[in-house]
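Notes for the structure review
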Amino acid sequence: MSDTKDTKTAPGIRELAEITGRSDTRDVLAHATKQAARSYDDYFVVDIDAHVSEDHFWTEVLELIDNDVLRQIGLTQSKGFGGSNALLNISPGLSHQSVGGRIGHQGRREPVEGVPGHPFVTAARRGMDAMGLDYQIVFPSAMLLLGMHPQDDVEVELAKAFNRWMVEKILPQDARLKGLLYLPYNTPEVCEELVAKYAKADDIIGFTVCSTRNNAVHADCYMRLYAMIQDSGKPLAFHSGYHWGDPSFAQLNRFLSMHALSFTHYNQIHVTNWLVNAMPERFPRLKMLWVESGLAWIPFLMQRLDHEVLMRPSEAPGLKRLPSEYMREMFYTSQPMERTNMKLLEVTMEAFNAETQLLYSSDWPHWDWDAPSTIADLPFLSEQAKRNILGLNAARIFNLDTTRKKPAAAQVLAERPGVS
Amino acid sequence: MSDTAMRQKRDVTIGRLEELQQRERIVLDIEGIGVGVYFLHGEVRAWLNICPHQGGPVCQGKIMPRTVQKVGPDQKSKGLGFSETERNIVCPWHGFEFDILTGKHPSNPKLGLRALPVRVENGEVIVTV
Ligand code: FES
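Now for a quick tour of the structure. As the structure is a computational prediction, the values presented were derived from the model and not from experiment.

Calculation criteria
Residues numbered from 1 in each chain as written. Chains lettered and ligands numbered in written order. Predicted model: local features only at pLDDT ≥ 70, side-chain atom pairs only at ≥ 80, totals over all residues. Heavy atoms only, no water. Helix = DSSP H or I, 4+ residues; strand = E, 2+ residues; numbered from the N terminus. Rg over C-alpha atoms; globule rule 2.2 N^0.38 Å. Buried < 20%, exposed > 50% of the residue type's maximum accessible area, 1.4 Å probe, protein only. Contact = heavy atoms within 4.5 Å. Areas by Shrake-Rupley, 256 points an atom, 1.4 Å probe, with all protein chains shown as cover. Lys, Arg positive; Asp, Glu negative; His and termini not counted. Charge placed at Lys NZ, Arg CZ, Asp CG, Glu CD. Pairing = 2+ DSSP bridges. Polar contact = N/O pair within 3.5 Å; in protein donor to acceptor, adjacent residues only side chain to side chain. Phe/Tyr/Trp six-rings, centres within 6.5 Å; stacked < 30°, edge-to-face > 60°. Lys NZ or Arg CZ within 6 Å of the ring centre and 35° of its normal. 1 Å grid on protein atoms, 1.4 Å probe; cavity = no way out; pocket = protein on both sides within 12 Å on 5 of 7 lines; lining within 4 Å. Points joined across faces, edges and corners; volume = space filled by probe spheres on them.

Here we look at the overall build of chain A
From N to C terminus, chain A includes 17 helices and 10 strands. Over its C-alpha atoms chain A spans a radius of gyration of 22 Å, differing by no more than 12% from the 22 Å that the globule rule assigns to 420 residues. Here the C-alpha coordinates of chain A stretch approximately 80 × 55 × 45 Å along the principal axes. Sorting the 420 residues of chain A into buried and exposed places 58% on the buried side. Taking the intrachain contacts of chain A between residues at least 6 apart in sequence as the baseline, contacts between residues at least 24 apart amount to 80%. For chain A, the accessible area works out to roughly 16,900 Å², and carbon and sulfur atoms hold 53% of it. Considering chain A, the positive charge centre built from 42 side chains and the negative charge centre built from 52 side chains are found 2 Å apart.

So, in C-alpha cells, the structure goes:
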C-alpha cells in the first residue's frame with residue numbers, strides 16, 4: 001500500500017505517446033539524454049559513424065550530377081519507379097532494417113517545419129544534442145552498396161554529386177558535423193582527383209571506401225591514392241555493409257543472418273589483403289580505420305592470420321611482425337558492439353588495445369545503433385579509457401578541437417517537446 | 001539504494017479498466033519514472049519503461065503479435081505466422097521484444113522487464129510507483 005494517491009492528471013504526471021517514425025529525435029532519444037546527464041555529460045564525445053538518410057533529399061544530390069545524360073536519367077527515374085533510389089543499386093524489397101516497421105527511427109521523417117536550415121541538419125543537431133555529442137561524422141546510407149553497382153560511371157557521378165552536396169550544402173550549416181569523403185573506389189583515378197580537390201577542406205576530416213565491393217585493396221592501381229591520403233595526414237576509413245546478392249550470402253534466408261555475417265565479412269577480407277600484402281610496411285603513416293563491423297571479428301582475425309602466417313611466411317614475405325601486431329595499430333569503431341558476454345568483450349578490447357585504438361560510433365539513426373552509454377556503462381573500463389573511446393581517441397586521430405561544443409544534458413531535456 | 005526505494009511510494013489511478021482494455025496500453029511519466037500499464041486476456045500488468053538492453057523507452061514502441069515458426073508433423077517448415085494469443089511489447093530503440101503478460105524476451109527468458117505493482121479496485125486501475 002502506498003502513502004499517497006493520485007490520478008494521471010495530477011501535477012508531475014503526464015502521459016507519454018508512442019514513439020513512431022514521426023517523433024522528434026529529442027523525444028526518441030530522451031533516455032539517452034538522461035544517461036548523459038547521469039554519467040558522461042562532462043565528457044568530450046565524438047560519434048564517428050552516423051548516417052545521412054540521403055534518400056530523403058535524393059533529388060538535391062541528383063541535381064548536382066555533372067554528367068548531363070546521367071543527371072537527366074536520374075531526375076527522370078526519381079519522378080517515377082526509381083523514386084528516392086534513382087540510379088542506386090539497393091533493393092528496396094530486401095531492405096528489412098525496420099523489422100516490419102517495429103523500429104521507426106530507421107528512415108524516420110520527423111517534423112522540422114519552421115526550423116531554419118536544412119532539415120537533415122536540424123534532425124542531426126537534435127540527435128547530437130540528445131546523445132550528448134560534441135561532433136558527429138556523417139556517412140551516406142543507400143550509397144553504402146554503390147561498390148557493387150555494375151556501372152562504374154554511375155558510382156563516379158553519384159560520388160562527386162554527394163560529396164558536393166555534403167561539402168557545399170550540409171557541413172557548412174553546423175560546425176559539429178564533419179564528413180569523410182566518399183571515394184568511388186571502382187575508378188581509382190577519380191579517387192585521386194577527389195583527394196587532391198578536398199584534401200585541405202576543413203569539414204572533410206578523412207576519406208572513406210564503402211567496403212561492400214570485390215576490389216582487392218592491395219591492387220597496384222591504388223598505390224598512388226594511398227600515398228596521397230597518407231600525405232594528407234587524414235585517415236582512410238573502410239565502412240562495411242551488406243549485400244544479400246553476394247553468392248555466399250544468397251543461401252541465408254533471413255535478413256538477420258545475412259546482416260550478422262556480411263558486416264564483418266567485407267572488412268575481414270580487406271584487412272586480410274591489407275596485411276598479407278604488407279601494406280602497413282608500404283604506407284606506415286597511413287591511419288587505417290575499420291567501421292561498422294563491431295569488435296568480435298578482430299581477435300578472431302588476429303588469431304587466424306597469426307596462425308597461418310607463422311606456417312606460411314613465404315606467402316606474406318613483406319611482413320616484419322605478426323598480423324595481430326599490425327592490427328593493434330589500426331583503428332576501429334565500436335558499433336555494433338557485441339556485449340552479451342562481458343568477459344569476452346573485455347578480452348576482445350584488450351586484444352587490440354581498445355583504450356587507444358577504439359572510437360565510439362552510434363550508427364544513428366540505423367536500427368542497430370549504439371548509445372554512448374554502451375561505452376560509459378562498461379564495468380571493466382577505467383575512467384580514462386572511457387573518455388578516450390568516447391572522444392579523445394577521435395580527437396587525436398582526426399585532429400579535433402576538444403573544447404565543449406554541446407549543450408548541457410539538463411538543458412536538452414528541459415527544451416525537448418516532451419510528447420513521447 | 002535505488003531512486004524508487006528512496007522516494008515515497010505513490011498510488012496513481014491511471015483510469016477505468018474499460019479504458020485500458022480498449023487502449024491496451026497506457027504509458028505514464030510519474031515524476032521522472034516511466035511506467036507502461038497493459039491489458040491482455042483479462043489481466044493487467046505494469047512494466048518499468050526502461051529496456052534491459054540499452055535503457056530505451058521500451059513501453060513506447062509498437063505492440064505486435066508474437067511471430068512463430070510453424071512446423072508440420074513431418075518437421076517441415078510451414079513458414080512464419082503470428083500467434084493468435086501472445087502479444088509482445090517491442091522496444092522502439094532496437095526491437096527487443098517482451099511478452100506483455102510475462103515480461104520475458106522470447107529468445108532469452110532470463111531477460112525481462114521490471115514489474116511494478118498494479119491492481120484493479122472498483123473498476124479503476126491503480127499502479128504503485
Ligand atoms: S534499448 Fe530496448 S531494444 Fe535496445
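From this point on, the discussion continues.
Some words on the pairing of strand β9 (residues 124-128) of chain B
Residue and element names in this part refer to chain B. For β9, the buried fraction is high: 4 of the 5 residues fall into the buried class. In the sheet, strand β1 (residues 10-16) pairs with β9 via 5 bridges, with the strands oriented antiparallel. The partner of R16 across the bridge, within β9, is E124. Of the strand pairs in this sheet, strand β8 (residues 118-121) and β9 are connected by 4 bridges, and their pairing is antiparallel. The residue of β9 that forms the bridge with V120 is V125. In this structure, the hairpin formed by β8 and β9 is closed by a connection of 2 residues, where N122 is found at a positive phi of approximately 50°.

Regarding the side chain of R176(A)
Residues and elements named next belong to chain A. Within the secondary structure layout, R176 lies in the loop between α6 (152-170) and β5 (177-182). Within the structure, R176 has its side chain in polar contact with the backbone oxygen of D134 (distance 3.4 Å). Ignoring anything within four residues of it in the chain, the contact list for R176 reads R125, M128, D129, L133, D134, Y135, Q136, K405, K406 and P407.

Quick word on the packing of aromatic side chains
When we look at a pair of aromatic rings, we describe it by the centre distance and by the angle of the planes. Residue and element names in this part refer to chain A. Overall, the coordinates contain 19 aromatic pairs over all chains when judged by the stated rule. Relative to Y266, the ring of F249 has its centre 6.2 Å away and its plane inclined at 70°; by these criteria the two rings are edge-to-face. Residue F249 is found in the loop between β7 (236-239) and α9 (255-276), and its partner Y266 is found in helix α9; the two are separated by 17 residues along the sequence. Note on accessibility: F249 and Y266 belong to one class, buried. A centroid spacing of 5.1 Å and a plane angle of 70° characterise the contact between Y332 and F352, whose relative ring orientation is edge-to-face. Of this pair, Y332 sits in strand β9 (residues 331-333) while F352 is found in the loop between α13 (342-351) and α14 (354-357), placing the two residues 20 residues apart along the sequence. Through successive ring pairs, a cluster of aromatic residues spans Y185, Y222, Y226, F238, W274, F283 and W290. Seen from the ring of Y326, R321 lies directly overhead, with NZ or CZ sitting 4.5 Å from the centre.

Overview of the side chain of N393(A)
Take N393(A): it is sitting in helix α16 (residues 383-398). Ignoring sequence-local partners within four residues, the contact set of N393(A) consists of A354(A), E355(A), T356(A), Q357(A), L358(A), L359(A) and N388(A).

Overview of the sheet that holds strand β3 (residues 46-51) of chain A
All names here are of chain A. If you walk across this open sheet you meet the 8 strands as β3-β4-β5-β6-β7-β8-β9-β10, and the pairing is parallel. Taken across any chain shown, the strands that pair with only one partner, and hence form the sheet edges, are β3 and β10 (358-359). Judged from the 3 bridges that link them, strand β4 (residues 135-139) and β5 form a sheet pairing that is parallel. Its bridge partner lying in β5, Q136 is registered against L177.

Section: empty space enclosed by the protein
Under the defined criterion, the tally for this structure stands at 2 cavities of 30 Å³ or more. Quantified by volume, the largest cavity comes out at close to 50 Å³. For the largest cavity, the full set of lining residues is I19(A), T20(A), G21(A), V28(A), G104(A), H105(A), R108(A) and P92(B). Considering only enclosed or pocket space, the second largest cavity measures out at about 30 Å³ in volume. If you go around the second largest cavity, the residues you meet are F162(A), N163(A), M166(A), V167(A), L180(A), L181(A), Y182(A) and I204(A). Contributing elements (two or more residues each) for the lining of the second largest cavity: α6 and β5 of chain A. The element that contributes the greatest number of residues to the lining of the second largest cavity is α6(A), accounting for 4 residues.

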